[in-house]
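For reference, the chains in residue letters:
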Amino acid sequence: MLLDLQSVQGTMLIPLWGRATASEKNPEILYDKEAIKIIAGCDFDFTEIAKTFGEYGGISYIVRARKIDDIIRAFIEKHPRASIVNIGAGLDTTFSRVDNGTINWYNLDLPDAIAFRNSLIPDSPRNISIAKSFFDCSWFDEVTFNEENGILFISAGVFYYFQEKQLKEIIQKMTLHFPGGEMYFDAESKMMLKVSNRTVEKTGNKGAKMYFYVNNPKLLETWSPKIKVLSCKSYFKGIPASKKWESGTRVMVRLIDLFKMMKFVHLRFER
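The rules we used
Residues numbered from 1 in each chain as written. Predicted model: local features only at pLDDT ≥ 70, side-chain atom pairs only at ≥ 80, totals over all residues. Heavy atoms only, no water. Buried < 20%, exposed > 50% of the residue type's maximum accessible area, 1.4 Å probe, protein only. Helix = DSSP H or I, 4+ residues; strand = E, 2+ residues; numbered from the N terminus. Pairing = 2+ DSSP bridges. Salt bridge = Lys/Arg side-chain N within 4 Å of Asp/Glu carboxyl O. Polar contact = N/O pair within 3.5 Å; in protein donor to acceptor, adjacent residues only side chain to side chain. Contact = heavy atoms within 4.5 Å. Axes fitted to C-alpha atoms, helices over the stretch in contact; angles between N-to-C directions. Right-handed = clockwise from strand over helix to strand, strands pointing away. Lys, Arg positive; Asp, Glu negative; His and termini not counted. Patch = residues over 30% accessible without salt bridge, like charges linked within 9 Å, V, L, I, M, F, W, Y side chains within 5 Å. Areas by Shrake-Rupley, 256 points an atom, 1.4 Å probe, with all protein chains shown as cover.

The subject of this paragraph is the pairing of strand β1 (residues 83-87). In terms of burial, β1 is a largely internal element, 5 of the 5 residues being buried. With 5 bridges joining them, β1 and strand β2 (residues 104-109) adopt parallel strand pairing. Bridge assignment links Ile 87 to a residue of β2, and that residue is Leu 108. Of the strand pairs in this sheet, β1 and strand β4 (residues 151-155) are connected by 4 bridges, and their pairing is parallel. Of the residues in β4, the one forming a bridge with Asn 86 is Ile 154.

Another point: the environment of Tyr 184. Looking at the element boundaries, Tyr 184 is found in strand β5 (residues 182-188). Taking the C-alpha atoms as reference points, Tyr 184 and Ile 121, separated by 63 residues in sequence, lie 23 Å from one another.

Counting across every chain of the model gives 12 salt bridges. One salt-bridge network, held together by shared partners, links Arg 19, Asp 32, Asp 69 and Arg 97.

Among the secondary structure elements, Asp 69 is positioned in helix α3 (residues 47-78). A polar contact is formed between the side chain of Asp 69 and the side chain of Arg 97, at a distance of 2.7 Å. Once you skip the residues sitting within four places of it in the chain, Asp 69 turns out to touch Leu 30, Thr 94, Arg 97 and Val 98.

With that settled, the discussion passes to the sheet that holds strand β3 (residues 127-131). The sheet built from 7 strands is open, its strands ordered β3-β2-β1-β4-β5-β7-β6 with mixed pairing. On the outer flanks of this sheet lie β3 and β6 (227-234), each paired with one strand and no other. The sheet shows a mean angle of 20° between the axes of neighbouring strands, direction not considered. Across the sheet, α3 lies against β1, β2, β4, β5, β6 and β7 (262-269), angled at about 175° from β4, the strand it touches most. Against the sheet, helix α5 (residues 111-120) contacts β2 and β3, and its axis sits at roughly 150° relative to β3.

The next thing to look at is the pairing of β3. Where β2 and β3 come together, 5 bridges link them in parallel fashion. By the bridge assignment, Tyr 106 is partnered in β3 with Ile 128. A crossover links β2 with its parallel partner β3, the connecting element being α5, and its sense is right-handed.

Moving on, we come to the side chain of Arg 117. Following the sequence through the fold, Arg 117 ends up in helix α5. Buried and unpaired, Arg 117 has no salt bridge, with Asp 123 as the nearest side chain of opposite charge at 5.1 Å. Polar side-chain contacts of Arg 117 include one of 3.0 Å to the backbone oxygen of Gly 90.

Once that is clear, we can look at a nonpolar patch on the surface. Nonpolar side chains collect at one region of the surface, where Met 191, Val 251, Leu 255, Leu 258 and Phe 259 lie side by side and expose about 490 Å² of accessible area between them. Counting residues per element, the nonpolar patch draws most heavily on helix α8 (residues 247-258), which supplies 3 residues. Position of Met 191 relative to the elements: it lies in helix α7 (residues 190-202).

Encoded structure:
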């Protein structure tokens, strides 16, 4: 299975590399056994990605995975039979780390991305791929949902690539179809988004421009009266900088949180 590296789908290789390499060195933050296994058996040359993203890039990917793992575990502790929808799943391996034996997990992504994913990570009875656009509302009907069991939507490094108008329209529809549902995603500030675009371009990927940013999360509540911001927390909150990291990595971690350049946003769809 070939993947167009000059595309948004092509970026799925970057976090996979980051989680594999950084989790081997920082298992106290996250240990992604499945990502490590996939990278070991992959014949793709990650040299340019490693050179461009470096240690800090890898750290940022395992911190993001750790934060998402934590929010899922907290959610399914209250809702053990919940449905979890991974928007823009790519080569995400979260299910392998958080599965409690009863959740229903859905990996939503474009058909070419899902085809590539399935060549490396096969589906299982409760870990199912949906090969559709996030903006194609027909996927709503492929997800098991009842309010009692709950539903959580997660998205890691995906919303950046969409226009705000696109996100607003689909999330408005989701609030109506999935009352009581929750959503958790990462976002960057406007300033940081410009930096990220330049970094991705350095890898040679010219087809994955990013647009969406969050400076003031409360503005998301203006999209719909059913949207409630539960929290917005700085990216590295609760993850202390390690002395074994390079000085540049430690500085970046402090700056990112100091200037609120990256964050995690948690929403609820009010009934």
